[in-house]
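# Examination of the molecular architecture
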Amino acid sequence: MTAIENEPQSLTLQEQEWVDQFMDETTLFLGPDREIMRSHSISERSVYEDACIAKGVDRVTVERIRKRIAGALDEGYEMCEAQGAAPGAKWGDLTTAIYTAAGDVSYLSCHGVIAFSAILHHPIRYIMKYWKDEPTVGIHEGDGFIHNDARFGNVHNTDQSMIMPIIRDGDIIAWVAATIHEGENGACEPGGMPSGSETAFDDGLRMSPFKIVERGHLRRDLLTFLQHSVRDPKLQLADLKVKIASVRRIMERIDRLIDEVGVETFVAALRVTIEDVDVEVRRRIGELSLAQDTVGEDVRRAAVAARLPVPTWAARDVRIPAVDARTGEVVVFTPGSGVELVDAVTASCAVPGVWPPVTIGGNRYVDGGVRSSDNADYAAGFARVV
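To keep things clear, this report deals only with the structure shown in the data block. (Residues numbered from 1 in each chain as written. Predicted model: local features only at pLDDT ≥ 70, side-chain atom pairs only at ≥ 80, totals over all residues. Heavy atoms only, no water.)

Our focus in this paragraph is the side chain of Ser246. Relative to the helices and strands, Ser246 is located in helix H9 (residues 233-261). For Ser246, a relative accessible area of 0% corresponds to the buried category. Look past the residues within four positions of Ser246 in its chain and what remains in contact with it is Gly76, Tyr77, Met79, Cys80, Thr96 and Ala178. (Helix = DSSP H or I, 4+ residues; strand = E, 2+ residues; numbered from the N terminus. Buried < 20%, exposed > 50% of the residue type's maximum accessible area, 1.4 Å probe, protein only. Contact = heavy atoms within 4.5 Å.)

Given below as structure tokens:
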């Protein structure tokens, strides 16, 4: 439950611009971005995505695109598995995936470690935020970014990723990535997974996302640095080339697909895929909740009512999110929703499998946390959030 007070900003737009400019010009060190790392929800639709979807989405075409993408990603996966030098590549400790322009994973290979793909939206968003408009870096056709630092979005530091953009008419429309669990990472012990590690500095390479492929050319200066940072320089080079080749092969197949269906149809298909999955996951969790044998709704409602300090809505902007257990759709209850406060709170606290879904207006609702752990985006734009 979130109570919001809409108060004027303390700084004018001009003053905030001066502050931001000063901070940008005096930045001494770029660490992990807290806003990016704490965001586990899909991005809002971009204006371009909206326009692409508004032109119509043919579900048969979308499914055909999904199948073609799956085939491309599986081929990239098999290339890494067959050609990778690291032991992890041979037992399938790798993955390939495609992402929207904003970095949301849309589809991943049918094999390998799903977690690798599921968290690469963090480094992609970092690249977009910090390097896209940075004059000394930028993002161009043929560029490739390497990354392994778990603090920027990864499982652990032995997992090295190659991330490359798909660009059409000068705009980024998607990203493709491949990740392999490497056997050597320059840690305090050989093998990359040091049992004796006592600090983060014992873990070996810690690569925040940076560009190692410049317009199709592998940067020899940075490659040399990486090779001198590990015990097996040949392995570092070999698997770097394997990941690059795998991603490029996927992109070749994606390029042919885009030429067939068009950029707008392709972008729309990526977007509706992640939205379909988002809703379907919530629906399945709700379905699980509906099937569970818990305490009765009236018992749970009485317990929540006893804990509320007042039974009525506050005279302010209060937003209480919950998820429809049958459809997976999100509903935000407010003082103007015509719903009693106790019902809204009980619904928003109905943890699936623990407490019963709450019936409101003929629909049954579960915890808003099914959608997001904090639903903080509903408080965007307000000066004070309680």
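What follows covers the packing of aromatic side chains. Two numbers describe a pair of aromatic rings. These are the distance of the centres and the angle of the planes. Using the criterion set out here, one finds five aromatic pairs in the structure. Between Tyr126 and Trp131, the aromatic rings sit 6.1 Å apart at their centres with planes inclined by 80 degrees, giving edge-to-face as the arrangement. Take Tyr126 and Trp131: they sit in the same class, and that class is buried. An aromatic cluster is built from Tyr126, Tyr130, Trp131 and Phe152, whose rings are joined through pairwise contacts. Of note, Arg206 hangs over the ring of Phe201, and the distance from its end group to the ring centre comes to 4.5 Å. (Phe/Tyr/Trp six-rings, centres within 6.5 Å; stacked < 30°, edge-to-face > 60°. Lys NZ or Arg CZ within 6 Å of the ring centre and 35° of its normal.)

Time to look at a nonpolar patch on the surface. Together, Leu11, Val19, Phe22 and Met23 make up an exposed nonpolar region whose accessible area comes to about 360 Å². If you trace the backbone, Leu11 turns up in the loop between strand E1 (2-5) and helix H1 (13-25). Judged by its relative accessible area of 36%, Leu11 is partly exposed. (Patch = residues over 30% accessible without salt bridge, like charges linked within 9 Å, V, L, I, M, F, W, Y side chains within 5 Å. Areas by Shrake-Rupley, 256 points an atom, 1.4 Å probe, with all protein chains shown as cover. Salt bridge = Lys/Arg side-chain N within 4 Å of Asp/Glu carboxyl O.)

The next subject is a negative patch on the surface. A surface patch of like charges, here negative, comprises Glu17, Asp20, Asp24 and Glu25. As for its placement among the helices and strands, Asp20 is situated in helix H1. Look at Asp20 and you get partly exposed, because its relative accessible area is 38%. (Lys, Arg positive; Asp, Glu negative; His and termini not counted. Charge placed at Lys NZ, Arg CZ, Asp CG, Glu CD.)

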